[in-house]
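Analysis of the macromolecular model
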Amino acid sequence: MKQRVVLLGPPASGKGTQASLLGATFGIPHTSTGEMLRRERAAGTSLGIEADTYTRQGFLFPDHLALTVVEQWVDDRERFLLDGFPRTLSQAQAFDRMLLDRARPLDVVYLLALSDAEVRRRMLGRLTCESCGAVYNSEFHKITADSPCPKCTGHLARRSDDTEEALDHRLSQYHELTTPVATYYRDLGLLKTIDVSPGRDEVFKTLYADMREAA
Ligand code: AMP
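Figured I'd write up the structure that's included with this text.

**Looking at the pattern of salt bridges**
Side-chain pairs of opposite charge can arise whenever the charged atoms involved come near each other. One pass over the full model with this rule turns up 20 salt bridges. For arginine 102, the salt bridge is made with glutamate 71, and the minimal N-O distance between the two is 3.3 Å. Here arginine 102 is found in the loop between α5 (89-101) and β4 (108-113), whereas its partner glutamate 71 is found in helix α4 (residues 63-74), with 31 residues between them in sequence. A residue is classified by how much of its surface remains accessible, and glutamate 71, at 37% relative accessible area, is partly exposed. Of the charged contacts in the structure, one is a salt bridge between glutamate 118 and arginine 121, with a shortest N-O distance of 2.9 Å. Here glutamate 118 pairs with arginine 121, and both are found in helix α6 (residues 116-124), just 3 residues apart, close to one helical turn. Shared partners join several salt bridges into a network, and the residues in it are Arg126, Arg159, Asp161, Asp162 and Arg170.

Right, here's the structure in full:
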């Protein structure tokens, strides 16, 4: 079974959803750098405040912020699922050194592939619960921002970076900065590309079957 996994992909490709499903199924701790920094922001820490100045405009936050939170989180974990990290080549290289120091190499990197047109469609319909963090799609789940969260009845809202303007930046940053990360892992023989257009359940089946196999 694979134990140390990275999920890469454009915004709204379902990295977070698949990471939580896989984490719950295999009992592997998972996190995302975006979520960690949103929590830091909510707690009012300087890390979170610095990150927010970039993310609200759709820009990646500086590498040192991502590396600080990941290093603390990975620390002595034997198994992990990371979503949305690394997002730049220098993050990937620093992460490799971090894992090498701990003698815990990555087992696999899944690239969740989705066209830009589909990314736009999904992102502009995305709603997040302000209380429990659950993520919905207004079309798929047939809900609006006025509906209560189906899980906890909390308030649903669009993320501050799910706007048309921020989306343009997020997509161009993805192509410019994160595509080289996929190439890097492809060259290391770790990358597996999964077409996510068939939808959440199909993608989960594919990932589940692959995760069960030996690294
Ligand atoms: P996410 O929740 O993964 O969609 O991330 C939200 C935003 O946080 C992204 O659009 C980026 O601006 C920023 N972000 C998340 N992870 C990273 C990272 N590893 N490096 C730089 N910026 C990141």
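Anyway, onward from the coordinates.
**Structural notes on the packing of aromatic side chains**
Two aromatic rings, taken as a pair, are described by how far apart their centres are and by the angle between their planes. Considering all chains together, one arrives at 5 aromatic pairs under this definition. Directly above the aromatic system of tryptophan 73 lies the positively charged group of arginine 77, at a separation of 4.1 Å from the ring centroid.

**Section: the sheet that holds strand β3 (residues 80-83)**
Sheet strands pair by backbone hydrogen bonding; their relative direction is either parallel or antiparallel. Taken together, the 5 strands give an open sheet; going across it, the order is β2-β3-β1-β4-β8, and neighbouring strands pair in parallel fashion. Of all the strands in the sheet, the pair left with one neighbour each is β2 (30-32) and β8 (191-195). Strand-to-strand twist across the sheet, computed as the mean angle between neighbouring axes with direction ignored, equals 20°. The pairing of strand β1 (residues 4-8) with β4 spans 4 bridges and is classified as parallel. Its bridge partner being in β4, valine 5 is matched across the sheet by valine 108. Running at roughly 70° to β2, helix α2 (residues 33-42) makes contact with β2 and β3 of the sheet.

**Notes on the packing of α5 against helix α8 (residues 164-187)**
α8 packs onto α5 with a crossing angle of 40° between their chain directions and a minimal axis gap of 8 Å. The orientation of α5 with respect to α8, classified from their angle, is oblique. In this structure, α5 uses Leu89, Ala92, Gln93, Phe95 and Asp96 to contact α8, whose residues at the interface are Leu177, Pro180, Val181, Tyr184 and Tyr185. Of the residues contributing to the contact of α5 with α8, the split by class is 8 nonpolar, 1 polar and 1 charged.

About the thresholds
Residues numbered from 1 in each chain as written. Predicted model: local features only at pLDDT ≥ 70, side-chain atom pairs only at ≥ 80, totals over all residues. Heavy atoms only, no water. Salt bridge = Lys/Arg side-chain N within 4 Å of Asp/Glu carboxyl O. Helix = DSSP H or I, 4+ residues; strand = E, 2+ residues; numbered from the N terminus. Buried < 20%, exposed > 50% of the residue type's maximum accessible area, 1.4 Å probe, protein only. Phe/Tyr/Trp six-rings, centres within 6.5 Å; stacked < 30°, edge-to-face > 60°. Lys NZ or Arg CZ within 6 Å of the ring centre and 35° of its normal. Pairing = 2+ DSSP bridges. Axes fitted to C-alpha atoms, helices over the stretch in contact; angles between N-to-C directions. Contact = heavy atoms within 4.5 Å. Parallel < 35°, antiparallel > 145°, perpendicular 65-115°, else oblique. Nonpolar A, V, L, I, M, F, W, Y, C, P; charged D, E, K, R; others polar.

Geometric values such as these leave the question of function open.
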